[in-house]
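Structural overview
Next come the chains, spelled out residue by residue.
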Amino acid sequence: MRVVRSVEEVRAQVRAWRKAGQRVALVPTMGNLHAGHISLLQLARQRGDRVVVSIFVNPLQFGPEEDYARYPRTLDDDIRMLEEAQCDLLFAPGVDELYAEGGSQRTLVSVRGLSEILCGVVRPGHFDGVATVVAKLFGVVGPDVAVFGEKDFQQFRVVQLMTRDLAIPVEVVGAPTVRADDGLALSSRNRYLSAEDRSRAPAIYRSLQEGAARLRAGERDFSAIEQAGAALLAAAGMKVDYYAVRDADDLALPSSATREFVLLAAARLGSARLIDNLRVPVG
Ligand code: PAF
């Protein structure tokens, strides 16, 4: 695996692959890789001849009170995992390489509406930071296809919409959430959980399964389902940001046009913020 840090190097390599008729797949990450990321890489390998993984802890998507400074940076371990998973190229730029003048960025990409609901309420500006860095990575790498985890479902929809609205010629593909045996979705932030909180954390997935069972059974009292889900999270000791039933297409409130529901939950447990979701086709 080649490891490059500059925009120039990644562009030159991708140009050479393209010239040889190869299709390039990108997996954007913030590092601290786990089995969930490796599943993205495996999907990327099915979709492209060459796989580029980026590791960049993007300051623009963290609020002033958030965990940018303490976000786990484990580059040596990440490189070992990527080599084992047969990644072709790791792009690991420093902040100055992507944001000139010590991290400033005058141009922001904002997916209006979709960025201001759910996680966007609790993390104002977060999705502008995500959309901006992903647009930038698309501009730098120029992949044919890019793979994102569906665990961050709102992020996935923001990236899809941004790519469509800006007519960026990249196919955006979602990869299913990878879970621990007890159902907890894998996330780099799970390492913030104490042993006690780790044992409570699977309640988030259980709450989604219970909500999903009610939807599958034909219940359409969405606010009753939301209240029950939030109560289950609170009973497990979590501070609930939201528990919502939405249309999986646009994350709007479900309507008669909804073909698939998505249950989304976000809650704080100790110093970790957990998010998860579950999709339920309308029967
Ligand atoms: O999901 C992540 O790891 C990040 O939000 C992403 C997509 C790499 C953008 O920084």
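In short, a report on the structure. (Residues numbered from 1 in each chain as written. Predicted model: local features only at pLDDT ≥ 70, side-chain atom pairs only at ≥ 80, totals over all residues. Heavy atoms only, no water.)

So, about the pattern of salt bridges. Applying the stated criterion across every chain, the model contains 19 salt bridges. Two residues, R164 and D165, come together in a salt bridge whose shortest N-O distance is 4.0 Å. Of the residues examined, R164 reaches a relative accessible area of 61% and is grouped as exposed. Owing to a relative accessible area of 54%, D165 belongs among the exposed residues under this scheme. The structure contains a network of salt bridges with shared partners spanning R23, R47 and E171. (Salt bridge = Lys/Arg side-chain N within 4 Å of Asp/Glu carboxyl O. Buried < 20%, exposed > 50% of the residue type's maximum accessible area, 1.4 Å probe, protein only.)

All right, on to the packing of aromatic side chains then. Summed over the entire model, instances satisfying the criterion amount to 6 aromatic pairs. Considering the side-chain rings of F56 and Y99, the 5.9 Å spacing of their centres and the 50° angle between planes classify their relative orientation as tilted. Pair noted here: F56 is in the loop between β3 (50–55) and α3 (75–84) and Y99 is in the loop between α4 (95–98) and α5 (100–103), with a separation of 43 residues, a long-range link. Each of the two residues, F56 as well as Y99, counts as buried. Between R70 and the ring centre of Y192, over which it is positioned, the NZ or CZ distance is 3.9 Å. Over the aromatic face of Y68 sits the side chain of R73, whose NZ or CZ is 4.8 Å from the ring centroid. (Phe/Tyr/Trp six-rings, centres within 6.5 Å; stacked < 30°, edge-to-face > 60°. Helix = DSSP H or I, 4+ residues; strand = E, 2+ residues; numbered from the N terminus. Lys NZ or Arg CZ within 6 Å of the ring centre and 35° of its normal.)

As a further point, take α3. Of all the residues in α3, the buried ones are D78, I79 and L82. Seen from one end, α3 has its buried residues packed into an arc of 100°, which puts them on one side. Among the exposed residues of α3, those oriented more than 90 degrees off its buried face are D76, R80 and E84. In the core, the buried residues of α3 are packed alongside β1 (2–4), α2 (35–47), β3 and β4 (89–91). (Arc of directions from axis to C-beta. Contact = heavy atoms within 4.5 Å.)

What follows concerns the sheet that holds strand β2 (residues 24–29). On the basis of which strands lie adjacent, the open sheet formed by 6 strands has the order β1-β4-β3-β2-β5-β6 and parallel pairing. Only two strands of the sheet have a single neighbouring strand rather than two, namely β1 and β6 (171–175). Each strand of the sheet is rotated relative to its neighbour by a mean of 25°, with strand direction disregarded. Bridge count for strand β5 (residues 145–149) against β6 is 5 bridges, and the pairing is parallel. Following the sheet pairing, A146 is matched in β6 by V172. Strand contacts of helix α1 (residues 7–19): β1, β2, β3 and β4, with the helix running at about 150° to β4, the strand carrying the most contacts. (Pairing = 2+ DSSP bridges. Axes fitted to C-alpha atoms, helices over the stretch in contact; angles between N-to-C directions.)

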